[in-house]
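Residue-level structure breakdown
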Amino acid sequence: MVSLEELQSRFGEEIREKTFRDNRFIDVSSGVLLDVLSGLKADFGFSMLIDITAIDWLDYEGATDRFSVVYLLLNVETGERLTIRTAVNLPDPQLPSVCALWMSADWLEREVYDMFGISFSDHPDLRRILMPEEFAAFPLRKDYPLKGRGERHNFPVITRSEG
Amino acid sequence: MAVGLPENIFITRLDAAANWARSNSLWPMPFATACCGIELMATAASRHDLARFGAEVMRFSPRQCDLLIVAGRVVMKMLPVLQRIWLQMPEPKWCISMGACACSGGVFDTYAVVQGVDRFIPVDMYVPGCPPRPEQLLAAVIDMQEKVRRTGTVMGREFAARDTSSGPTPFDLQEEHRIEDASLIQLGGFSAAATTMKRDA
Ligand code: SF4
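Given the structure is predicted, the values throughout are model-derived calculations rather than measurements.

For the rest of this paragraph, the subject is the overall build of chain B. A count of helices and strands for chain B gives eight helices and four strands. Its helices and strands in sequence order give chain B the pattern α-β-α-β-α-β-α-β-α-α-α-α, from N to C terminus. Burial analysis of chain B (201 residues in total) assigns 44% to the buried set. Look at the contacts in chain B between residues 6 or more apart in sequence, and 77% of them connect residues 24 or more apart. Total accessible area on chain B stands at roughly 10,700 Å², and carbon and sulfur atoms take up 60% of it.

This is the structure in structure tokens:
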């Protein structure tokens, strides 16, 4: 088990911990994110990155930041799981890429970029992964309408006489 | 009347002969993008046996097909592919829109799902259901044969008159209103400038 004190002494006092039904969440600031993650991989055996995802807190009661980016880590030797969360804000939500630590981060970060518009510096190939290249919005942001802005119907019509 | 025809020769119209041949050898192009595709496979498999109606030759090249079966939801990223496949099919060709999703978007009224393929490609036959049972698809194929027999011509003259879309206009009133209400019409967002802006951010 990684102890909170250990993390705090290495990476700064502002690291917070929360537990919900045996799941541990560690909140770190985006400044020390890369240090914490590489430390967790190198010294605490978190060799597997399960997922990266994000949450848009727009209009959420009591929320102070616009986005949280969430890293789910697994220590494959001990089975320990850890969730690392960090906050990013508009107008330029940006985080360091962790592709150098875990290869699996490549597509996961592309997905977060595609859906939330959070970019990752030093990512080898930060392109959209699900939406078409020419799509201009970030559909999982809460201020994007569920039914879109008309992108789904912005195509030429083929009638029977012409083809 | 003494017209001396030898045995095994009979007279018909060219249209009727062509329709007879065409309707009994529809070669489907399976455009199966979702769960309806499974039902389409079941239709072709032994229990329901699409072969009884001469339509068992599923070809995976549009160049060899004359019946497009759109089975499943079509998302905006897939729609240009669907249109391209339709255009690549040689004349004469027909289209069956199978299932609620292909016909109207079904329950997937979201930013990514096209609300009915008939907005963008011509559709001859709609099969309701989610998913339609194989019998329903068989019924549609039989109806399709009937339609070919009744309206078909050798040179495909019947298609020339269909110069409007068979579905609602892409931005029908409902869609217009919705976009306007949110004062969100931003189709310019598709410009290259907007994309690069996002990419550099
Ligand atoms: S109509 Fe129903 S079964 Fe068919 S693709 Fe849509 S959800 Fe799936």
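Now that the structure has been shown, we can carry on.
Two pairing modes exist for strands in a sheet, parallel and antiparallel, and in both the strands are linked by backbone hydrogen bonds. Residue and element names in this part refer to chain A. In spatial order, the strands read E1-E2-E5-E4-E3; together these five strands make up an open sheet with mixed pairing. Two strands bound the open sheet, and with one partner strand each, they are strand E1 (16–20) and strand E3 (48–56). Across the sheet, the mean angle from the axis of one strand to that of its neighbour is 25°, orientation sign disregarded. The strands touched by helix H2 (residues 33–44) within the sheet are strand E2 (23–28), strand E4 (67–74) and strand E5 (81–88), with E5 carrying the most contacts at an inclination of about 170°.

Right, let's get into the sheet that holds strand E3 (residues 94–98) of chain B. All names here are of chain B. Taken in spatial order, the four strands of this open sheet run E1-E2-E3-E4, and their pairing is parallel. Lying at the two open borders of the sheet, with one neighbouring strand each, are strand E1 (28–32) and strand E4 (125–127). Here the average twist between neighbouring strands, direction ignored, is 15°. As defined by bridge partners, E1 adjoins strand E2 (residues 67–71) across five bridges and the pair is classed as parallel. What sits directly across from Pro 28, in E2, is Leu 67.

Right, let's get into the packing of aromatic side chains. In the structure shown here, the tally under the stated rule is eight aromatic pairs over all chains. A cation over a ring is seen here: A:Lys18 above A:Phe25, with NZ or CZ 5.7 Å from the ring centre.

Now for the pattern of salt bridges. As enumerated under the stated definition, the model contains 18 salt bridges over all chains in all. Its salt-bridge partner being A:Asp114, residue A:Arg128 comes within 2.4 Å of it at the nearest N-O pair. With A:Arg128 in the segment after strand E7 (119–121) and A:Asp114 in helix H3 (residues 105–116), this pair connects stretches of sequence that are 14 residues apart. A relative accessible area of 0% places A:Asp114 in the buried class. Residue B:Glu91 is joined to A:Arg160 by a salt bridge in which the shortest nitrogen-to-oxygen separation is 2.9 Å. Of this pair, B:Glu91 sits in the loop between helix H3 (79–88) and E3 while A:Arg160 sits in the segment after E7, each in a different chain. Under the relative-accessibility criterion, B:Glu91 is labelled partly exposed at 48%. Judged by its relative accessible area of 1%, A:Arg160 is buried. Connected through shared salt-bridge partners, A:Glu17, A:Arg24 and A:Glu80 make up one network.

Residues and elements named next belong to chain A. Counted residue by residue, E5 has six buried out of eight residues, so it is predominantly covered. Where E4 lies against E5, eight bridges are found, and the strand directions are antiparallel. Bridging from a neighbouring strand, Val 69 pairs with Thr 86 of E5. Where E4 hands over to E5, the hairpin turn is made up of six residues, of which Gly 79 adopts a positive phi near 80°.

Bringing the site of the ligand into the picture now. Taken together, B:Ala34, B:Cys35, B:Cys36, B:Gly72, B:Arg73, B:Gly99, B:Ala100, B:Cys101, B:Phe108, B:Gly129, B:Cys130 and B:Pro131 make up the full set of residues near the ligand. Its residues assigned to classes, the shell around the ligand shows eight nonpolar, three polar and one charged.

Turning to the pairing of E2(A), a few remarks are in order. Residue and element names in this part refer to chain A. Where E1 and E2 come together, five bridges link them in antiparallel fashion. By the bridge assignment for E2, Glu 17 is matched with Ile 26. With antiparallel pairing between neighbouring strands as the criterion, E1 and E2 make up a hairpin whose turn holds two residues, including Arg 21 at a positive phi of roughly 50°. As defined by bridge partners, E2 adjoins E5 across four bridges and the pair is classed as parallel. Residue Ile 26 lies in a different strand from E5, and its bridge partner there is Ile 84.

The grouping of B:Val3, B:Leu5, B:Ile9 and B:Ile11 at the surface amounts to a nonpolar patch, some 410 Å² of accessible area in total. Examined against the element boundaries, B:Val3 turns out to sit in the segment before helix H1 (14–23).

Residues and elements named next belong to chain B. All buried positions along H3 are accounted for by Leu 79, Leu 82, Gln 83, Ile 85 and Trp 86. Taken end-on, H3 shows its buried residues confined to a sector of 160°, consistent with a single buried face. Packed against the buried residues of H3 are E1, E2 and E3.

It is worth spelling out the interface of chain A and chain B at this point. On the chain B side, the residues contacting the 34 residues of chain A number 41 residues. Across the chain A to chain B interface the summed buried area is about 3,700 Å²; carbon plus sulfur atoms make up 61%. A per-residue breakdown of the area chain A buries against chain B is headed by A:Arg152, A:His153 and A:Arg160, which together make up 25% of the total. Applying the counting criterion to the chain A and chain B interface returns three salt bridges.

Rules and cut-offs
- Residues numbered from 1 in each chain as written.
- Chains lettered and ligands numbered in written order.
- Predicted model: local features only at pLDDT ≥ 70, side-chain atom pairs only at ≥ 80, totals over all residues.
- Heavy atoms only, no water.
- Helix = DSSP H or I, 4+ residues; strand = E, 2+ residues; numbered from the N terminus.
- Buried < 20%, exposed > 50% of the residue type's maximum accessible area, 1.4 Å probe, protein only.
- Contact = heavy atoms within 4.5 Å.
- Areas by Shrake-Rupley, 256 points an atom, 1.4 Å probe, with all protein chains shown as cover.
- Pairing = 2+ DSSP bridges.
- Axes fitted to C-alpha atoms, helices over the stretch in contact; angles between N-to-C directions.
- Phe/Tyr/Trp six-rings, centres within 6.5 Å; stacked < 30°, edge-to-face > 60°.
- Lys NZ or Arg CZ within 6 Å of the ring centre and 35° of its normal.
- Salt bridge = Lys/Arg side-chain N within 4 Å of Asp/Glu carboxyl O.
- Near = heavy atom within 4 Å.
- Nonpolar A, V, L, I, M, F, W, Y, C, P; charged D, E, K, R; others polar.
- Patch = residues over 30% accessible without salt bridge, like charges linked within 9 Å, V, L, I, M, F, W, Y side chains within 5 Å.
- Arc of directions from axis to C-beta.
- Buried area = accessible area lost by both parts, 1.4 Å probe.

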